[in-house]
Amino acid sequence: MSQSVLAAVRTGPGKMEMREFPMPDIPEDAALLKMEVAGICGTDVKLFKNPPNNAPTIMGHENIGYIAKAGREFTRRKGFKEGDLVFVEHYVMCGKCQWCHQGQYRHCENTDWRNNPEGIRYGYTSAERAPHLWGGFAQYVYLPWNAVVHRVPKGVSPELAGLVTPMANGVEWSLFDAGVGYNSTVLIQGPGQQGLSQTVVCKQAGAALIIVTGTTKDAARLEVAKQLGADYVIDVQQEDPLARIMEITGGKGVDISLDCTAGAGTIPILLGVEALKRKAGTILVQGEMKEFPNFPLERVTTKAITIKSARGHSYLACELALEQIASNRFPLEKITTHRFGLADADLAIRSVGGQGVPDVIHASLMPWM
């Protein structure tokens, strides 16, 4: 094993450079992960363009790799040994709070960089903090005792396992949060990796009707949505989406609206409010906007709409996502479309954001390619 580790480091807004870090010592309760795939999603696009801080950071929070070295206590506590293929959640639990005991690490304030500057999250924590390897855009990643690790099922390739984060979000948001189930009618706005993952999970859950919306440039993604189970797709630039939704549903509207768009502002939320059935529908929203001027609160309350927020995933959602990937029920290889080497990390991120290589849905950064 070499004495240094190569990594792509974000050094500022839209700036990436290659750096070497020392190979860390691995104590008895820790492990070293040899990276195979770092998945890239819309969050990386936002963090690259507008970093949450000025610290040099190894990005990469959707991490798949092999345990290269494991301390005896790490193996005893967690059950993972050298050679195991694993998925590492980006949450590094505190292990003490009620949320960690429930497997809801996304709610643990001790690991949230927004509330605790000392908290650790893969892809967010400064590379200046020893032992430095806190992101998947590197040849190796350090795993402390409190890293949250999942076993990748046999037969699942590292590249396909790279979809576990968006798929886990699909499980968490549509099933657990929004309550999609047998005979549900669902509107999914945005055919990116999140929207396509929601499509798979909603179909698996028994939804009777799935409608996916996108723009004209999303033509290829909308076609993938149909192959993954969408009953109808709508190009919102070519037809009135609300009129089309009402036509499809016979004027009833849908039970659930899932906002999986990026940078579309208030439009998806307003469409979701109107597209929901007359009473007691559910809308799931993301938190990209700090404010929503003239929010239609009266419309929401008179329709008795439940609003849910899209916030990460739980331990159980990740386990179910891995099972879903391993089932081979859906052609998920159609979502993971492109591979990039470590030296092209900036290109990979820009491509996911629609500014580089065309038609990228989910990008796999492969540090050894």
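Residues numbered from 1 in each chain as written. Predicted model: local features only at pLDDT ≥ 70, side-chain atom pairs only at ≥ 80, totals over all residues. Heavy atoms only, no water.

- As annotated in an unreviewed UniProt entry, the protein carries the name Threonine dehydrogenase-like Zn-dependent dehydrogenase and comes from Ensifer adhaerens.

**Digging into the overall build of the protein**
Here comes step 1: Summing up its helical and strand segments, the protein has 12 helices and 16 strands in all.
Here comes step 2: Relative to the compact-globule value of 21 Å for 369 residues, the protein shows a C-alpha radius of gyration of 21 Å, a close match.
Here comes step 3: With respect to the three principal axes, the spread of C-alpha positions in the protein is 65 × 40 × 40 Å.
Here comes step 4: By the burial criterion, 56% of the 369 residues in the protein qualify as buried.
Here comes step 5: Restricting to contacts in the protein with at least 6 residues of sequence separation, those with at least 24 account for 69%.
Here comes step 6: Roughly 16,100 Å² of accessible area belongs to the protein as shown, and the carbon and sulfur atoms make up 49% of that amount.
Here comes step 7: Separation between the mean location of the 37 positive side-chain charges and that of the 38 negative ones in the protein comes to 3 Å. (Helix = DSSP H or I, 4+ residues; strand = E, 2+ residues; numbered from the N terminus. Rg over C-alpha atoms; globule rule 2.2 N^0.38 Å. Buried < 20%, exposed > 50% of the residue type's maximum accessible area, 1.4 Å probe, protein only. Contact = heavy atoms within 4.5 Å. Areas by Shrake-Rupley, 256 points an atom, 1.4 Å probe, with all protein chains shown as cover. Lys, Arg positive; Asp, Glu negative; His and termini not counted. Charge placed at Lys NZ, Arg CZ, Asp CG, Glu CD.)

**Digging into the nonpolar core**
Here comes step 1: With 48 residues, the main nonpolar core has L33, I40, I58, Y122, F137, L143 and L365 as its most contacted residues.
Here comes step 2: Among the elements that make up this core, the one with the highest residue count is strand β3 (residues 31–40) (6 residues).
Here comes step 3: Those residues within four positions of L33 in sequence are excluded, and the remaining contacts are G65, Y66, I67, A68, V86, V88, Q139, Y140, V141 and L143.
Here comes step 4: Core analysis: the second largest hydrophobic core is formed by 45 residues, I64, F87, L196 and A225 among them. (Core = buried A, V, L, I, M, F, W, Y, C linked by side-chain atoms within 4.5 Å.)

**Section: the sheet that holds strand β4 (residues 57–58)**
Here comes step 1: An order of β2-β1-β4 is seen for the 3 strands of this open sheet, with the pairing classed as antiparallel. A single partner strand is all that each edge strand has here, and the edge strands are β2 (15–22) and β4.
Here comes step 2: Bridge analysis of strand β1 (residues 4–12) against β4 gives 2 bridges, and the strand direction is antiparallel. Across the sheet, residue V9 finds its bridge partner in β4, namely I58. (Pairing = 2+ DSSP bridges.)

**What about the environment of F295?**
Here comes step 1: By secondary structure assignment, the location of F295 is in the loop between β13 (282–285) and α10 (297–302).
Here comes step 2: In this structure the C-alpha to C-alpha distance between F295 and P13, which are 282 residues apart in sequence, comes to 32 Å.
Here comes step 3: Those residues in contact with F295 that lie beyond four places of it in its chain are I269, V300 and I307.

**Thoughts on the pattern of salt bridges**
Here comes step 1: Evaluated as defined, the whole model comprises 14 salt bridges.
Here comes step 2: In this structure, R114 engages D112 in a salt bridge whose closest nitrogen and oxygen atoms are separated by 3.3 Å.
Here comes step 3: Note on R114: relative accessible area 47%, which makes it partly exposed.
Here comes step 4: The exposure class of D112 is buried, given its relative accessible area of 11%.
Here comes step 5: A salt bridge links D231 to K203; the shortest N-O distance between them is 3.9 Å. Taken together, the positions of D231 in the loop between α7 (219–227) and β11 (232–235) and K203 in helix α6 (residues 193–205) put the pair 28 residues apart, joining distant regions of the chain.
Here comes step 6: Looking at D231, the relative accessible area reads 34%, which means it is partly exposed.
Here comes step 7: Put simply, E73, R76 and R77 are held in one network by salt bridges that share partners. (Salt bridge = Lys/Arg side-chain N within 4 Å of Asp/Glu carboxyl O.)

**Notes on the state of the cysteines**
Here comes step 1: What the rule picks out here adds up to 0 disulfides.
Here comes step 2: C41 forms no disulfide, and the closest cysteine sulfur to it belongs to C260, at a distance of 12 Å.
Here comes step 3: The exposure class of C41 is buried, given its relative accessible area of 3%.
Here comes step 4: The cysteine C260 is free of any disulfide, with C202 supplying the nearest cysteine sulfur at 8.6 Å. (Disulfide = S-S within 2.5 Å.)

**Observations concerning the packing of aromatic side chains**
The geometry of two aromatic rings is summed up by the distance between their centres and the angle between their planes.
Here comes step 1: In total, this model carries 4 aromatic pairs according to the counting rule given.
Here comes step 2: Arranged with centres 5.7 Å apart and planes meeting at 85°, the rings of W134 and Y142 form a pair that is edge-to-face. Both residues of the pair, W134 and Y142, count as buried.
Here comes step 3: Their ring planes at 85° and their centres at 5.7 Å tell us that Y140 and W368 sit as a pair that is edge-to-face. You can see Y140 sitting in strand β7 (residues 140–143) and its partner W368 sitting in the segment after β16 (362–366), a full 228 residues away along the chain.
Here comes step 4: Clustering of aromatic rings is evident, with ring pairs tying together Y122, W134 and Y142.
Here comes step 5: When the ring centre of W368 is taken as reference, the NZ or CZ atom of K34 above it lies at 4.9 Å. (Phe/Tyr/Trp six-rings, centres within 6.5 Å; stacked < 30°, edge-to-face > 60°. Lys NZ or Arg CZ within 6 Å of the ring centre and 35° of its normal.)

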